[in-house]
2 protein chains.
Amino acid sequence: MAKKNAFYAQSGGVTAVINASACGVIETARKHKDKMGKVYAGRNGIIGALTEDLIDTSKESAKAIAALRYTPSGAFGSCRFKLKGLEESRAQYERLIEVFKAHNIGYFFYNGGGDSADTCLKVSQLSETLGYPIQAIHVPKTVDNDLPITDCCPGFGSVAKYIAVSTREASFDVASMAKTSTKVFVIEVMGRHAGWIAAAGGLASDETHDIPIVILFPEVKFDQEKFLAKVKDKVETFGYCTVVVSEGTKWPDGKFLAEAGSRDAFGHAQLGGAAPVVANMVKDSLGYKYHWAVADYLQRAARHIASKTDVEQAYALGQAAVELALKGRNSVMPAVTRVADKPYKWKVGVAELKDVANKEKFMPRNFITKDGFGITEKCRAYLAPLIKGEDYPPYKNGLPDYVKLKNVAVAKKLKEEFKV
Amino acid sequence: MAKKNAFYAQSGGVTAVINASACGVIETARKHKDKMGKVYAGRNGIIGALTEDLIDTSKESAKAIAALRYTPSGAFGSCRFKLKGLEESRAQYERLIEVFKAHNIGYFFYNGGGDSADTCLKVSQLSETLGYPIQAIHVPKTVDNDLPITDCCPGFGSVAKYIAVSTREASFDVASMAKTSTKVFVIEVMGRHAGWIAAAGGLASDETHDIPIVILFPEVKFDQEKFLAKVKDKVETFGYCTVVVSEGTKWPDGKFLAEAGSRDAFGHAQLGGAAPVVANMVKDSLGYKYHWAVADYLQRAARHIASKTDVEQAYALGQAAVELALKGRNSVMPAVTRVADKPYKWKVGVAELKDVANKEKFMPRNFITKDGFGITEKCRAYLAPLIKGEDYPPYKNGLPDYVKLKNVAVAKKLKEEFKV
């Protein structure tokens, strides 16, 4: 049993390109069948490992696996389930190792954000302690773009492109209507703590398309008076204004503009509804007619308008994860390293998991204009290449022909069930 | 002065393809320079005619006009401004004729929905009364798809495609998350009185993609108990559920699920926010975690995912309008006539404006399933061809390279100003 199998799981909120990473992992593993066994995927993420509910990806055709590259969402199911510290959640970590042992799994590929990088790190630490060798490699994924070290996170470029395109399109619409109707359009975007996605709305305006955009970042405490003055100025100058508001925008007292009150499994506040709050504020104070949109899942699922750069990076990092594993690396994460801005060049680098786990990367202050409502040239230079290129999925009857895998279960080997 | 100029204006809410109709009008007029003079566009719709604020489209290059075909929104500005009855608004109609006379305009192309078809009809009637001949041709446009006679309305196919694609993508997303997180996703779509757009959400599910979708139509009085039972059933069967709710969905007492209270210039209630109402209802009664989106302007501005069929029809009807005018027709509207479903065939027909004005086309009852929450095969056969084909705009730096016209004003000839 020298040849070990691999385990792959998707974690947290899915993206338009997380399956492209899965595609990179599985296709690369298949290319190295002499060194790596089967790739088992966790059904619904890490829960699939804990409950020994594994999916045998070898049952999928090459065509089906290739189709993952253009299929959004998590093909094996994801989950919001955070393993806590080694002491607190020791039984869960031990169960993981037990399942891995039972299925001769020597590689752990975990595709997620900061929380899962931490889980990945702990799995590799515990495997050392328990004397069962597991190479744990984290494949970065998060639309929030808030992981450290990597220049950007797969999933972000596509949501950025969606928001930039949508902001431009809606702005064109409002500009046409502004004379007698809507003057202010508000679009709410994702990004709990970091304003990367909101910043992408700023790309809608460029040297050939001068569009009045006001951005509300989570990094900038909301100043109602300054905001309304800004909107008024834009409307008086351009006739209309588009507001891009991050769901994470906060009042000076730290409360979210629209906090729903509930929290998810990771303890994060569940947000939504900042757009109507902002729109009503504009109407009440300035009297402008408004429209508002909340893109929500549409933005992160929008594979139809994915960034080609993003798709390529998502795939490349999945591929690199397997290659790193085959080189014997452990406790690492393949990362995007930017080589040059213009023309954009990048390569795959490697980050140590201890440097990645539980660290959030915020927008640098010099990416936000002094007034706090726009993006700087520095920010633009950073963002622009990430939305570049189109990578359309195939269509059938007018709709993207996304793949649904068979997801055949691997026979269980352990006697005990495990409750999560 | 035998050769008359033409006037073209955009009316009401703009769409992803109304400029494709403008492109059809202008390009066709340019092809017949021997018979038709310049095309003047109304700046901000009919208001441009009333205030003698005309745009000289002959100042635009052939390339710029061609680019209208792939540019969403109203390139000349639109407006929500309804001319009322001939008696009530006589001064306005007379002013229109006066402006047309001053600029040697003999053709009136009005690109809009039911209200503007009515205005168009009245202009042709008054021009007869006043003895100044105007050929008034209505070019249909409305995402609501509620005009009679024409098989479908330009603008609808693209919004239908956007909603079908987005519903499929978001459903893939929710399916991945449902095990531990979001189980119900609610997307709110446009359509005040007619459920055509909501129906398009149903296309996301087909023989190869079995997706649990519950649709709330304006045509079906909202039955909370039946709705919640339906959602519960879907979640228990599939693990998740997607709800497509029309902004026009009403309680049994006739009140909108989320009425904002304000009304637009046509006296229509301004809506928004049915999605959070529905989502909270699901959470409160069934306890399912939800996410919701309000697509709003994004859906009608989304030229990046326009339906090729829709773009072709929008262009063809603009072209036909000019051809009808040159044949001496008056008080008519070019319409889409469906010749066959499979394979889809259509041709341009002609409708009399008196049969079009102020009539709304609702979803036939046999397009909605008996339970009131889905679409029938009949509906599917009607909708499917309308979203067929992709017609991507050109991109520059990762963003659609939409055109912004110069919009050069025509020198005024009248002494009196006109207040609107």
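Residues numbered from 1 in each chain as written. Chains lettered and ligands numbered in written order. Predicted model: local features only at pLDDT ≥ 70, side-chain atom pairs only at ≥ 80, totals over all residues.

Participant: Describe the overall build of chain A, listing the residues and the values that go with them.
Facilitator: Looking only at helices and strands, chain A has 13 helices and 15 strands in total. Its C-alpha atoms give chain A a radius of gyration of 22 Å, near enough to 22 Å, the size a compact globule of 420 residues would have. Judged by the C-alpha coordinates and their principal axes, chain A covers about 75 × 45 × 40 Å. The 420 residues of chain A split such that 61% are buried. A sequence separation of at least 24 residues applies to 76% of the contacts in chain A between residues at least 6 apart. (Helix = DSSP H or I, 4+ residues; strand = E, 2+ residues; numbered from the N terminus. Rg over C-alpha atoms; globule rule 2.2 N^0.38 Å. Buried ≥ 20, exposed ≤ 12 C-beta atoms within 10 Å, placed from the backbone. Contact = placed C-beta atoms within 7 Å.)

Participant: Provide a residue-level description of the environment of I387 of chain A, including the pertinent values.
Facilitator: Inspection of the secondary structure puts I387 of chain A in the loop between α13 (377-383) and β14 (395-396). In sequence terms I387 of chain A and A160 of chain A are 227 residues apart; their C-alpha atoms lie 6.4 Å from each other.

Participant: Could you give an account of the packing of helix α1 (residues 18-31) of chain B against helix α11 (residues 308-326) of chain B, naming the residues involved and the relevant values?
Facilitator: Residue and element names in this part refer to chain B. Where α1 meets α11, the closest approach of the two axes is 7 Å, and the angle between their N-to-C directions is 40°. With respect to their mutual orientation, α1 and α11 come out oblique. α11 is crossed by α1, and the crossing has right-handed handedness. For the pair α1 and α11, contact is made by A20, S21, A22, C23, G24, V25, T28 and A29 and by V311, A314, Y315, A316, L317, G318, Q319, A321, V322 and E323, respectively. Counted by class, the contact of α1 with α11 contains twelve nonpolar, five polar and one charged residues. (Axes fitted to C-alpha atoms, helices over the stretch in contact; angles between N-to-C directions. Parallel < 35°, antiparallel > 145°, perpendicular 65-115°, else oblique. Left-handed = near helix turned anticlockwise from the far one by under 90°. Nonpolar A, V, L, I, M, F, W, Y, C, P; charged D, E, K, R; others polar.)

Participant: Explain the environment of A29 of chain B residue by residue, including any values.
Facilitator: Residue and element names in this part refer to chain B. Tracing the chain through its elements places A29 in helix α1. Distance from A29 to T309, taken between C-alpha atoms, is 23 Å for residues 280 residues apart in sequence. For A29, the residues in contact, after removing those within four places along its chain, are A6, M36, V39 and V322.

Participant: Give me the confidence of the model for chain A: which residues, what numbers.
Facilitator: Residues and elements named next belong to chain A. Residue-level pLDDT values for chain A average 94, and 96% of them are 70 or greater. Contacts of residues 260-264 to residues separated by more than four positions or lying in other chains number eleven contacts, the stretch itself having pLDDT below 50. Of the two predicted TM-score estimates for the complex, the pTM is 0.96 and the ipTM is 0.96. (pLDDT = per-residue confidence, 0-100.)

Participant: Help me get a handle on the domain arrangement of chain A, residues and values and all.
Facilitator: Residue and element names in this part refer to chain A. For chain A, the assigned domains are domain 1 (4-142 + 305-357 + 389-400) and domain 2 (156-303). The straight-line distance from the C-alpha centre of domain 1 to that of domain 2 is 33 Å. Opposite the 20 residues of domain 1 that make contact, domain 2 presents 14 residues. Looking at the side of domain 1 that touches domain 2 residue by residue, the classes come out as nine nonpolar, seven polar and four charged. (Domains from an automatic or database assignment.)

Participant: Lay out unusual backbone geometry in plain terms, naming residues and giving numbers.
Facilitator: Geometrically, the link from K342 of chain A to P343 of chain A is a cis peptide bond, its omega value of 0° lying close to zero. For P343 of chain A, the position within the fold is in the loop between β12 (332-341) and β13 (344-352).

Participant: Which residues make up the interface of chain A and chain B, and what are the values?
Facilitator: Listed by partner, the interface residues are 62 residues for chain A and 63 residues for chain B. Broken down by secondary-structure element, the contributors of at least two residues to the side of chain A that touches chain B are α6 (156-177), β11 (290-294), α10 (297-301) and β15 (399-400) of chain A. It is α6 of chain A that contributes the most residues to the side of chain A that touches chain B, 13 residues altogether. Each residue belonging to the side of chain A that touches chain B can be placed in one class, and the counts come to 31 nonpolar, 18 polar and 13 charged.

Participant: Give me the pairing of strand β5 (residues 135-140) of chain B: which residues, what numbers.
Facilitator: Residue and element names in this part refer to chain B. By the criterion of burial, β5 is predominantly enclosed, with six of the six residues buried. With burial as the criterion, each face of β5 is covered, one bearing Q135, I137 and V139 and the other bearing A136, H138 and P140. Judged from the six bridges that link them, strand β4 (residues 105-112) and β5 form a sheet pairing that is parallel. When the sheet's bridge partners are listed, G112 is paired in β5 with P140. (Pairing = 2+ DSSP bridges.)

Participant: Give a description of the nonpolar core that names residues and reports values.
Facilitator: Residues F7, F109 and V186 of chain A together with F7, F109 and V186 of chain B are the most contacted members of the largest nonpolar core, which totals 296 residues. Not counting chain neighbours up to four residues away, the residues in contact with F109 of chain A comprise A6, F7, Y8, V25, I137, V139 and A321 of chain A. (Core = buried A, V, L, I, M, F, W, Y, C linked by C-beta atoms within 7 Å.)

Participant: Describe the relation of the copies chain A and chain B, listing the residues and the values that go with them.
Facilitator: Each copy of the chain is related to the other by a rotation around an axis and a translation along that axis. After a rotation of 180° and a shift along the axis of 0.0 Å, chain A superposes on chain B with an RMSD of 0.0 Å. Both copies of the chain, as the preceding transformation shows, are related through a two-fold rotation axis. Among all residues of chain A, the minimum C-alpha distance to the rotation axis is found for V294 of chain A, at 2.5 Å. Mapped onto chain B, 100% of the interface residues of chain A are again interface residues, and the two copies thus contact each other with one and the same surface. (Least-squares fit on C-alpha atoms with pLDDT ≥ 70 in both.)

Participant: Kindly report on the pairing of strand β12 (residues 332-341) of chain B, identifying the contributing residues and their values.
Facilitator: Sheet analysis places β12 of chain B next to strand β13 (residues 344-352) of chain B, joined by nine bridges and oriented antiparallel. Counterpart to D341 of chain B in the pairing with β13 of chain B is Y344 of chain B.

Participant: Any details on helix α11 (residues 308-326) of chain A? Residues and values, ideally.
Facilitator: Given a rise of 1.5 Å per residue, 19 residues ought to cover 27 Å, and the 27 Å separating the end C-alpha atoms of α11 of chain A matches this to within 8%. With 15 of its 19 residues buried, α11 of chain A lies for the most part within the structure. (Expected span 1.5 Å × (residues − 1).)

Participant: Go over the environment of A41 of chain B, please, and point to the residues and values.
Facilitator: Residues and elements named next belong to chain B. Here A41 shows up in strand β2 (residues 36-42). Accessibility expressed as a C-beta count within 10 Å gives 31 for A41, which makes it buried. A C-alpha to C-alpha distance of 21 Å links A41 and L126, two positions 85 residues apart in sequence. Among residues more than four places away in sequence, those in contact with A41 are Y8, A9, I55, T57 and F76.

Participant: Run through α6 of chain A, naming residues and quoting values.
Facilitator: Here α6 of chain A is 22 residues long and its end C-alpha atoms lie 31 Å apart, about the 32 Å a rise of 1.5 Å per residue gives. Most of α6 of chain A sits inside the fold, with 22 of its 22 residues counted as buried.

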